[in-house]
Amino acid sequence: MRAFTRVMSSVGFWLVVIVMVGVAVFPLLWMVSVSLKPPAELLSSTPTLLPKAVTFHNYRQAWQAVPLARALANSTVIGLCTTVIALGVGSIAAYGFSRFRFRGRDLFSTAVLATQMLPGILFLLPLFLIYVTVESRLNIPMQNTYHGLVFTYSTFALPVAIWMLMSHFAMVPVSLEEAAMVDGCTRLMALRKIVLPLAAPGMAATGMFVFLLAWNEVLFASVLTGDQTLTYPMALVRFRDAFQVQWGPLMAAATMVMVPVVAVFLLAQRYITGGLMLGAVKQ
Amino acid sequence: MVSLVGSRPWSGQGTAGYWYILPAIAMMTMVHFIPAACSVLVSLLSLDVWYIARWWEAPFVGLKNYATVFAPGSLIGAEFWFAFRQTLRFAALGVAGTYLAGLATALVLNRRFPGRGLVRTIVLLPWIAPVTTVLMTWRLMLLSDVGVVNHFLVDVLGVVRERPIWLIGDNSLWAITAFYVWRSWPFAAVMLLSAMQGIPQELYEAADIDGARPFHKFWYVTMPLLRPVTVILLLLVTLWSLANFNVPYMLLGSAPSPPGRVLMLFIYNYAFANWDFSLGAAMSAVLMVFMLAVSLIYRRYLTQEV
């Protein structure tokens, strides 16, 4: 009887594991599968996970159905600029917060965090009005421009970047910087040569997070982008003709972005979570 | 958190620190603090499409917009509170589902079994995959006539006879909730798992000596020690779900049927489709106050001793 319960509980355990893995991975597999199906098979009411016939028709079609190349380029440029600015400004601020004690430090760091508790729509309406005003009064275009989106996204990514980087900087021993400064480094040089390299895994994780934040943004993109600055999510929404959504090309366009992101995650996972710090310092 | 390496964390004193945070604070002032103040100001005006380029000249109407939102008889007020209720249901179901699924997954992953590392990586995929790509996939999967979800429910399992319509009508709330749980459950699992792995093994050994059964160990040792991370996790997921926009927008479309029109989408449509910015700003302010209230309630639990 004991043995029976043990076998049953182990069967139950593996059943739970299989369901978990299946639920997690099925939509991703489905995306790839549909992207490879010929149009006739797409709208079958008895769909199968393995395509009955494999075609790359949808992958060719995806580039013609919407300005996908333009959208991918736009999102990449905007994502990279956002990451550079958010990491640059964010790491300096995170360093200030984690190494200096000054009046109002707690107030500022709380204010940074508090912005995460506010709904995005609260900022969208006035930002839209402010951008319209800047355009009409100062003659600086803001809507439908790269700099408008980059400025908006990098600022919205800042609070998260600062908080993530603060926890990584806290793990870098102060004694290392002090040793560098005794040897003649200025504080900024110590930040650049000691702290940032040691916090590199944290920087990479934060950078990936910020990049994906900008890449997937929908609320501001739906108002601030136009034909020239169409971002990838907005291009996905456009995969439809007069009658219906073009699911095949849409899933092909989605797969082309999902697969590289997942691949980078799988490759970098050990690096991001691994301890570069372990063994680096004898304390 | 700060003194992880056993030395003092501070190395600088005085005003030098301000220079480091100045660029960040300046940017956030322009994009966060001034617009938030502007939003409150706009909610006190009567701003429509005619005043957009010179919005500060729009007539001041005081609390009239708030009166419209809170008036029990007004059509807009009724629509707003319906959207508010739908948002609460979405958040409550989404948070509960995310937490329970995350807890179950963390308990599974906390055991040693062959292939654990692989399973942990695979379970993280919903959280890693670009959200817009999987949203569009879910939309296809949830289609009534050719979607694989209905194929599975009707033809394979046979639990329902008629193919349900998921993306329009009452079921759309379930559709966005299901996606939301699928998306954020790995996050909950990872946070809970790392907290579980920090629980000292001696506590379980002591419980064993006292003759505790597995459930008692879970309930009296694991759960109390997971409390701090639970409060933070629930707070984050609650705030994210209340302010979520892209899930209903990409899954149901920009103007979904009322049951799927959560507050963010409702306000968005009100402001940018009807060009009634002031009413939209008043509604956003109500949502903001609600989210701040939620944060304060969680904060009380966070500061309470275990």
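Residues numbered from 1 in each chain as written. Chains lettered and ligands numbered in written order. Predicted model: local features only at pLDDT ≥ 70, side-chain atom pairs only at ≥ 80, totals over all residues. Heavy atoms only, no water.

### What about the overall build of chain B?
Put simply, the test is: In this description a helix means any DSSP run of H or I spanning at least four residues, a strand means any run of E spanning at least two, and both kinds are numbered starting from the N terminus. We call a residue buried when its accessible area falls under 20% of the maximum for its residue type, exposed when it is over 50%, and partly exposed in between, using a 1.4 Å probe and counting protein chains only. We call two residues in contact whenever any of their non-hydrogen atoms come within 4.5 Å of each other. Per-residue and other accessible areas were derived by the Shrake-Rupley procedure at a 1.4 Å probe size, with only the shown protein chains allowed to occlude residues.
Tallying secondary structure elements over chain B gives twelve helices and one strand in all. Starting at the N terminus and walking to the C terminus, you meet the elements of chain B as β-α-α-α-α-α-α-α-α-α-α-α-α. Residue burial in chain B is summarised as follows: out of 306 residues, 52% are buried. Counted over contacts in chain B with a minimum sequence separation of 6, partners at least 24 positions apart contribute 66%. Counting every atom, chain B has about 14,500 Å² of accessible surface; 66% of that belongs to carbon and sulfur.

### Side note on the packing of aromatic side chains
Residues and elements named next belong to chain A. Cut-off, in case you're wondering: Two aromatic rings, drawn from Phe, Tyr or Trp (for Trp, its six-membered ring), form a pair once their centres lie within 6.5 Å of each other, and the interplanar angle then sorts them: stacked below 30 degrees, edge-to-face above 60, tilted otherwise.
Inspection of every chain in the model, using the stated rule, returns 39 aromatic pairs over all chains. Centroid distance Phe156 to Phe220: 4.9 Å. Interplanar angle 40 degrees. Geometry classified as tilted. Of this pair, Phe156 sits in helix H7 (residues 146–169) while Phe220 is found in helix H11 (residues 219–224), placing the two residues 64 residues apart along the sequence. Comparing Phe156 with Phe220 shows no difference in burial state: the two are buried. A ring pair is formed by Trp215 and Tyr232, whose centres lie 5.5 Å apart and whose planes are at 40 degrees; its orientation type is tilted. Of this pair, Trp215 sits in helix H10 (residues 200–215) while Tyr232 sits in helix H12 (residues 232–237), placing them 17 residues apart in sequence. By the burial criterion, Trp215 is buried, and Tyr232 matches it.

### Notes on the nonpolar core
The cut-off we apply is this: Only buried Ala, Val, Leu, Ile, Met, Phe, Trp, Tyr and Cys residues count toward a nonpolar core, and they belong to the same one when joined by side-chain atoms within 4.5 Å.
Core analysis: the largest hydrophobic core is formed by 160 residues, its most contacted members being Phe220 of chain A together with Phe179, Leu251, Tyr268 and Phe272 of chain B. Here the element with the most residues in this core is helix H7 (residues 172–197) of chain B; it accounts for 13 residues. Apart from residues lying up to four places away in sequence, Leu251 of chain B is in contact with Leu135, Trp138, Arg139, Leu142, Leu167, Ala175, Ile176, Phe179 and Asn246 of chain B. Membership of the second largest hydrophobic core comes to 26 residues, among which are Tyr95, Val112, Leu191 and Val195 of chain A.

### Considering the confidence of the model for chain A
Residue and element names in this part refer to chain A. Rule in force here: Confidence of the predictor at the level of single residues is captured by pLDDT, which takes values from 0 to 100.
Residues of chain A with pLDDT of at least 70 account for 93%, and the chain-wide mean is 82. When mean pLDDT is compared element by element in chain A, helix H4 (residues 68–99) scores highest at 90, while strand E1 (residues 100–101) scores lowest at 80. Below a pLDDT of 50 lies the segment residues 274–283, which in the model reaches 14 contacts outside its immediate sequence neighbourhood of four places, other chains included.

### Considerations on helix H5 (residues 105–114) of chain A
In plain terms, the rule: Arc definition: it is the arc formed by the directions from the helix axis to the C-beta atoms.
For H5 of chain A, the full list of buried residues reads Arg105, Ser109 and Val112 of chain A. Down the axis, H5 of chain A shows its buried residues gathered within 55 degrees of arc, on one side only. Those residues of H5 of chain A that are exposed and angled more than 90 degrees off the buried face are Asp106 and Leu107 of chain A. Buried residues along H5 of chain A sit against H4, E1 and H7 of chain A together with helix H1 (16–42) of chain B.

### Description of the interface of chain B and chain A
As a reminder, the rule being used: Buried area: the sum, over both parts, of the accessible surface (1.4 Å probe) that disappears when the two are put together. Any Lys or Arg side-chain nitrogen found within 4 Å of a carboxyl oxygen on Asp or Glu counts as a salt bridge. Contacts described as polar in this section are N or O atom pairs within 3.5 Å, which, within protein, must combine one atom able to donate a hydrogen with one able to accept it, while residues neighboring in sequence count only if both atoms come from side chains. Gly falls in the polar group here, along with every residue not listed as nonpolar (Ala, Val, Leu, Ile, Met, Phe, Trp, Tyr, Cys, Pro) or charged (Asp, Glu, Lys, Arg).
Between chain B and chain A, the residue contacts involve 93 residues of the former and 95 residues of the latter. Here chain B and chain A share an interface that buries about 8,500 Å² over both sides, 79% of which is from carbon and sulfur atoms. In this assembly, chain B and chain A are joined by zero salt bridges. Inspection of the chain B/chain A interface yields six residue pairs in polar contact (both at pLDDT 80 or more). The element that contributes the greatest number of residues to the side of chain B that touches chain A is H1 of chain B, accounting for 19 residues. Each residue belonging to the side of chain B that touches chain A can be placed in one class, and the counts come to 68 nonpolar, 18 polar and seven charged.

### Remarks on the pattern of salt bridges
Residues and elements named next belong to chain B. Under the criterion given, the structure shown has four salt bridges over all chains. Of the charged contacts, one joins Lys217 and Asp208 as a salt bridge, the two residues approaching to 2.9 Å between their closest N and O atoms. Classification of Lys217 as buried rests on a relative accessible area of 18%. For Asp208, a relative accessible area of 43% corresponds to the partly exposed category.

### Comments concerning the packing of H4 of chain A against H10 of chain A
Residues and elements named next belong to chain A. The following threshold applies: Throughout, an axis means a line fitted to C-alpha atoms (over the contacting stretch in the case of helices), and angles, computed between N-to-C directions, take values from 0 to 180 degrees. Angles below 35 degrees are treated as roughly parallel, those above 145 as roughly antiparallel, those between 65 and 115 as roughly perpendicular, and all remaining angles as oblique. By the definition used in this description, the sense in which the near helix is turned from the far one sets the handedness, with an anticlockwise turn below a right angle giving left-handed and a clockwise turn giving right-handed.
Across the interface, H4 lies against H10 with an axial gap of 8 Å and an inter-helix angle of 135 degrees. As far as their axial angle goes, H10 and H4 are oblique. Note on packing geometry: the crossing formed by H4 with H10 is right-handed. Taking contact as the criterion, the partners of Leu72, Ser75, Thr76, Gly79, Leu80, Thr82, Thr83, Ala86, Leu87 and Ser91 in H4 are, on H10, Met203, Thr206, Gly207, Val210, Phe211, Ala214 and Trp215.

### Notes on the environment of Met181 of chain A
Residues and elements named next belong to chain A. Position of Met181 relative to the elements: it lies in helix H8 (residues 174–182). A relative accessible area of 25% means that Met181 is categorised as partly exposed. Setting aside chain neighbours within four positions, we find Met181 in contact with Thr186, Arg187 and Ala190.

### Section: a nonpolar patch on the surface
We apply this condition: A patch consists of residues exposed above 30% relative accessible area that lack any salt bridge, with like charges linked at up to 9 Å and nonpolar side chains (Val, Leu, Ile, Met, Phe, Trp, Tyr) linked at up to 5 Å.
A contiguous nonpolar patch, built from Phe152, Val156, Leu157, Val159 and Val160 of chain B and spanning about 450 Å² of accessible area, is present on the exposed surface. Within the fold, Val156 of chain B resides in helix H6 (residues 148–157).

### What to know about the environment of Asp155 of chain B
Along the chain, the position of Asp155 of chain B falls in helix H6. It is 30 Å that separates the C-alpha atoms of Asp155 of chain B and Arg89 of chain B, two residues lying 66 residues apart in sequence. Excluding residues that lie within four positions of it along the chain, Asp155 of chain B makes contacts with Ser45 of chain A together with Asn150 and Arg163 of chain B. Within polar-contact distance, the side chain of Asp155 of chain B engages the side chain of Arg163 of chain B at 3.0 Å.

### Points about the packing of H4 of chain A against H1 of chain B
In the contact formed by H4 of chain A and H1 of chain B, the axes pass within 7 Å of each other and the chain directions differ by 125 degrees. Compared by their axis directions, H4 of chain A and H1 of chain B come out oblique. Where H4 of chain A crosses over H1 of chain B, the handedness of that crossing is left-handed. Contact residues: H4 of chain A offers Ile85, Val89, Ile92, Ala93, Tyr95, Gly96 and Phe97 of chain A, while H1 of chain B offers Tyr20, Ile21, Pro23, Ala24 and Met27 of chain B. Looking at the contact of H4 of chain A with H1 of chain B, its residues break down into eleven nonpolar, one polar and no charged.

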